[in-house]
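Residue-level listing of the chains:
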Amino acid sequence: MTETDQPQPIRRGRGRRPAAEVREQVLAAAGELLLTEGMAGFTIEKVAARAGASRMTIYKWWPSRGALALDGYATKVRTVLEFPETGSIEADLTAQVLAFTHLLTDTGAGKVIAELIGASQTDPELASAFRERYSAPRRALAVRRLTKAIEQGQLWEDVDPQVVVDQLWGACYHRLLIPDEPITDEFARALVRNVLIGIKR
């Protein structure tokens, strides 16, 4: 890697940048650093240098390195994990689970999310942030889509969307954290297909 290939910090212009702009740049820098270096290479100092922000400013918004890492990760993957709505619950679930498994296997996100889950076991603040800022919002999107499919008559009325979320995405996390079997497209498609056998009308 040449000197010109190295990530360049954002150059400050004249005057103070709006707080929203600074926050956005910090989150972008955090997400990029996390996916390239993982938690081992993730520091507030490096994020500050990339974003052209002060450590004091960053600590004003994020109480810990873990909280910033989590928000950076969530920001980086948000558009990838948007839930499609084509009208077919099978197509939408398949597309979303495939997007998630590709994120885990084709980028640095798989290692990062495993590290965040591990760190949250002994960091109560990170565990709380993980639920509130990442897992709960992602779960809510899936529950909303499944609920709509129930209302449209595509799924049985007694289906519990929360349990379906655990079945689908829980299986993906299981293979990520206990890698006895690989995370593949075939696995993702079979997972959705098998779950739908029991819940689709």
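Look up: the structure comes first, before these words.
The following refers to the structure shown. (Residues numbered from 1 in each chain as written. Predicted model: local features only at pLDDT ≥ 70, side-chain atom pairs only at ≥ 80, totals over all residues. Heavy atoms only, no water.)

**Some points on the overall build of the protein chain**
Within the protein chain one finds 9 helices and 0 strands. Listed N to C, the secondary structure of the protein chain is α-α-α-α-α-α-α-α-α in terms of helices and strands. Its C-alpha atoms give the protein chain principal-axis dimensions of about 60 × 35 × 35 Å. The buried share of the protein chain, reckoned over its 201 residues, is 43%. Sequence separation of 24 or more characterises 65% of the internal contacts of the protein chain that already satisfy a separation of 6 or more. On the protein chain, roughly 11200 Å² of surface is accessible, and the fraction owed to carbon and sulfur atoms is 53%. Of the side-chain charges in the protein chain, 26 are positive and 26 negative, and the distance between the mean point of each set is 7 Å. (Helix = DSSP H or I, 4+ residues; strand = E, 2+ residues; numbered from the N terminus. Buried < 20%, exposed > 50% of the residue type's maximum accessible area, 1.4 Å probe, protein only. Contact = heavy atoms within 4.5 Å. Areas by Shrake-Rupley, 256 points an atom, 1.4 Å probe, with all protein chains shown as cover. Lys, Arg positive; Asp, Glu negative; His and termini not counted. Charge placed at Lys NZ, Arg CZ, Asp CG, Glu CD.)

**Comments concerning the packing of helix H4 (residues 65–77) against helix H7 (residues 124–151)**
Orientation of H4 relative to H7, taken along the N-to-C sense of each, is 20 degrees, at an axis distance of 9 Å. With respect to each other, H4 and H7 are oriented roughly parallel. The interaxial crossing formed by H4 with H7 has right-handed handedness. For the pair H4 and H7, contact is made by Gly 66, Ala 67, Leu 70, Asp 71, Tyr 73, Ala 74 and Val 77 and by Leu 126, Ala 129, Phe 130, Arg 133 and Tyr 134, respectively. Counted by class, the contact of H4 with H7 contains 9 nonpolar, 1 polar and 2 charged residues. (Axes fitted to C-alpha atoms, helices over the stretch in contact; angles between N-to-C directions. Parallel < 35°, antiparallel > 145°, perpendicular 65-115°, else oblique. Left-handed = near helix turned anticlockwise from the far one by under 90°. Nonpolar A, V, L, I, M, F, W, Y, C, P; charged D, E, K, R; others polar.)

**Things to note about helix H9 (residues 185–199)**
Across its 15 residues, H9 extends 21 Å between first and last C-alpha, which sits within 8% of the 21 Å expected from 1.5 Å per residue. Taken together, the buried positions of H9 are occupied by Phe 187, Ala 188, Leu 191, Val 192, Val 195, Leu 196 and Ile 199. Viewed along the axis of H9, the buried residues span an arc of 160 degrees, placing them on a single side of the element. For H9, the exposed residues set more than 90 degrees away from the buried face come down to Glu 186, Asn 194 and Ile 197. Those residues of H9 that are buried are in contact with helix H5 (89–106) and helix H8 (161–177). (Expected span 1.5 Å × (residues − 1). Arc of directions from axis to C-beta.)

**Some points on the nonpolar core**
Ranked by internal contacts, the top residues of the largest apolar core, which has 64 residues, are Tyr 73, Ile 113 and Tyr 134. Those elements giving two or more residues to this core turn out to be helix H1 (19–37), helix H2 (44–51), H4, H5, helix H6 (109–120), H7, H8 and H9. When residues of this core are assigned to their parent elements, the largest contribution, 9 residues, is made by H7. Not counting chain neighbours up to four residues away, the residues in contact with Tyr 73 comprise Gly 31, Leu 34, Leu 35, Leu 103, Ala 109, Val 112, Ile 113, Leu 116 and Tyr 134. (Core = buried A, V, L, I, M, F, W, Y, C linked by side-chain atoms within 4.5 Å.)

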